[in-house]
Each structure stands twice: as structure tokens, then as C-alpha cells.
Amino acid sequence: MAQQVKSKQRVAEHGEVFTAEREVNAMLDLVKQETERVDSRFLEPACGDGNFLVEILRRKLEAAKRRASPPKCKKPLPIEFEKQSVIAISSIYGVDILQDNVLACRERLYKIWEAAYIANCSNETNEECRAAVRFILSRNIVCGNALTLMCVDENQKDTKCPIIFSEWSFPFNDTRIQRKDYSFAELMLSANTADNIRKTGQMSLFADENGEVEPTLLRQYIFDYRRIQDYGE
Ligand SMILES: C[S@@+](CC[C@H](N)C(=O)[O-])C[C@H]1O[C@@H](n2cnc3c(N)ncnc32)[C@H](O)[C@@H]1O
């Protein structure tokens, strides 16, 4: 079984106790349908090294495989699997206050994605897509304080940079991905004023049209998903 506690100091200072795989799966099964949808968005505001996020990614990649397989065919089309797997990774978000957890989380997610990429796309894999996935992970898994909604430094102190999240989507049914950046603080404000969260308890992370507060769009790019890392940091 994976270690649940790294040190007494980390438990005392940051409440760091990792959730065991069995509990992770039991909790995710409560929202099973969502975990098996390639594009459903998940945000873990205290993600640790990613115990929940890696399991969500595993489930999404299975769904990506099904979605990329033509009818009556068990094997996915490599080009379609690649795109679906990018949709899967880009819909997973995390925040943790400890830098080593953030790096470990990104690496675990990357390795799971890459293993599935190789298994399903074999000799059609390419370095550009790998770089794009690493870039998306660097934006989606953030070292920050989920209470103040600010990025933190290596000593867990707030910096002057607010946490910014990118909304990724494929609006044109081709290989172009759209990136839209918003501050986490405004997204939370918008989500909390939206009708859906009052009625269902489910939060819609990005620009909920029913929200009373509209988050400010900080920047926007549209580019081929394999080259998204060439635009902005
Ligand atoms: C109980 S652990 C849970 C980790 C992971 N979600 C899991 O279930 O395995 C809590 C995590 O929250 C992080 N944490 C504590 N305070 C935080 C804060 N203000 N903002 C973001 N992360 C925080 C800790 O570093 C730790 O990784």
C-alpha cells in the first residue's frame, strides 16, 4: 500500500495525509458517470501528489479509448485517441501548497497519460504532443494556496500572483484547441453565484452563464493542440 503519511511535521503543518486507493475509488464511484466522461472537469483544491487525479485520469483514458474506437472495432484510431487523451488531461485541475507534491502530481499524471499514449498510438506518437501535454499539466496543476487563491513560493508563502486557470476546449471539431485564462478567485465567485451550484451542489468551474458575476477573460489563444506550448507561458 502507498505511504499515507510522509512525516509528522508535514501532517502538523499542512494536514498532509494521503487517501488510500480503495477510498479514492469508493468516493469517485459516487460520481462514476462524470469520471468516465472524457471532458468532465475535475478540480482538486488540495491535490497532494494526485491520488484522486491519477484515478480520474485512468478512467478518462479508458473513456477516450472507447470514444476513439470506430463501431465494432476494439482498437482506437491513433489520431483520434491522441486528441481524446489531450481532452482528458486538459480537464483535470489541481492545487497544492507544497511544491514537491505539485511536481510529483504532474509527473504521475504525465506518466499515466504517456503509457496510454504509447499503448494506443504505438508508432504514431510524437514529441510535439508530449510537450503539449507537459505544458497543459504545468498550467493545470498549480502550486498555490486554495484558501487565499494565490500562488505560493517554495516556503508556502503567498506571492503577488493570483492563481490563473486556463479553460481548454476544442470549439471547431478539428485539431485547434482554445485556451482562455481566468483568475481562480473570479471563477469561484462566478460559480458560487450560479443557480446550478445552489440547486445541485455541482460547481461549474468556467464561465457559468447563470452566474451573477462574469469572470474577466484575461487572455485567449486558439492554436493547433500540438503547438499550444509555443504560445504564452
Ligand atoms: C489530507 S492531504 C490530501 C491529499 C490528497 N487530496 C489525497 O487525498 O491523497 C491535504 C493536502 O492539502 C495540502 N494543503 C494544505 N493546505 C493547503 C492550502 N491552503 N492550499 C492548498 N493545498 C493545501 C497539503 O499539502 C496536502 O497535500
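Below or above, wherever it landed, is the structure these notes cover. These numbers come from a predicted model, not from an experiment.

A look at the pattern of salt bridges
Turning to step 1, where the next piece is worked out: Per the stated rule, a full pass over the model turns up 23 salt bridges.
Turning to step 2, where the next piece is worked out: Across the salt bridge formed by K32 and E36, the nearest N and O atoms sit 3.2 Å from each other.
Turning to step 3, where the next piece is worked out: Connected through salt bridges with shared partners, the residues R139, R179, D181, R219 and E233 form a single ionic network.

Focus on the sheet that holds strand 2 (residues 92–96)
The strands making up a sheet associate through backbone hydrogen bonding, with each pair oriented either parallel or antiparallel.
Turning to step 1, where the next piece is worked out: The strand order across the open sheet built from five strands is 1-2-3-4-5, with neighbouring strands paired in mixed fashion. This sheet does not close on itself; its edge strands, each paired only once, are strand 1 (42–44) and strand 5 (158–162). This sheet shows a mean twist of 45 degrees between the axes of neighbouring strands, independent of strand direction.
Turning to step 2, where the next piece is worked out: Taken together, the two bridges between strand 3 (residues 141–145) and strand 4 (residues 150–152) define a ladder with antiparallel strand orientation. If you follow G144 over to strand 4, its bridge partner there is C151.
Turning to step 3, where the next piece is worked out: Where helix 6 (residues 99–121) meets the sheet, it contacts strand 2 and strand 3, and its direction lies at approximately 160 degrees from that of strand 3.
Turning to step 4, where the next piece is worked out: Packing against the sheet, helix 7 (residues 127–140) makes contact with strand 2 and strand 3, and its axis sits at approximately 15 degrees to strand 3.

Remarks on the nonpolar core
Turning to step 1, where the next piece is worked out: One finds L57, L109, W113 and F165 to be the most contacted residues of the largest nonpolar core, which totals 55 residues.
Turning to step 2, where the next piece is worked out: In terms of residue count, helix 6 provides more of this core than any other element does, nine residues in total.
Turning to step 3, where the next piece is worked out: Those residues within four positions of W113 in sequence are excluded, and the remaining contacts are L57, L61, S85, V86, I89, C129, R130 and V133.

Quick word on the side chain of T35
Turning to step 1, where the next piece is worked out: Here T35 lies in helix 3 (residues 32–35).
Turning to step 2, where the next piece is worked out: There is a polar contact of 3.2 Å between the side chain of T35 and the side chain of R59.
Turning to step 3, where the next piece is worked out: Not counting the four nearest positions on each side in its chain, T35 is found in contact with L28, F42, I56, R59 and K60.

Points about the pairing of strand 2
Turning to step 1, where the next piece is worked out: Counted residue by residue, strand 2 has five buried out of five residues, so it is predominantly covered.
Turning to step 2, where the next piece is worked out: Alternating residues of strand 2 divide into I92, G94 and D96 and Y93 and V95, and every residue in both groups is buried.
Turning to step 3, where the next piece is worked out: Alignment of strand 1 against strand 2, held across three bridges, turns out to be parallel. Counted as the bridge partner of E44 is G94 from strand 2.
Turning to step 4, where the next piece is worked out: Relative to strand 3, strand 2 is paired through three bridges, and the arrangement is parallel. Bridged to G94 within strand 3 is I141.

Each value, and the rule that gives it
- Per-chain numbering applies: the sequence of each chain, read as written, is numbered from 1 onward.
- Only residues with pLDDT of 70 or above have their local features reported here, since the model is predicted, and side-chain atom pairs are shown and tallied only from 80 upward, although totals for entire chains, interfaces and linings are computed over all residues.
- Excluding hydrogens and water, the side-chain figures rest on all heavy atoms present in the structure.
- For salt bridges, the criterion is a side-chain nitrogen of Lys or Arg within 4 Å of an Asp or Glu carboxyl oxygen.
- DSSP-based pairing: two strands are paired if at least 2 bridges between them are found.
- Strands here are runs of E lasting at least two residues and helices are runs of H or I lasting at least four, both read from the DSSP assignment and numbered beginning at the N terminus.
- Axis lines are fitted to C-alpha atoms, over the contacting stretch for helices. Their N-to-C directions set the angle, which ranges from 0 to 180 degrees.
- Residues count as neighbours in contact if any of their non-hydrogen atoms are within 4.5 Å of one another.
- Within this scheme, the nonpolar core is defined by two criteria: the residues are buried Ala, Val, Leu, Ile, Met, Phe, Trp, Tyr or Cys, and they are joined through side-chain atoms within 4.5 Å.
- Only protein chains enter the accessibility calculation, which uses a 1.4 Å probe; a residue whose area is less than 20% of its type maximum is buried, one above 50% is exposed, and one in between is partly exposed.
- Identification of polar contacts relies on pairs of N or O atoms within 3.5 Å, with a donor-acceptor requirement for protein atoms, meaning one able to donate a hydrogen and the other able to accept it, and with residues adjacent in sequence counted only if both atoms are side-chain atoms.

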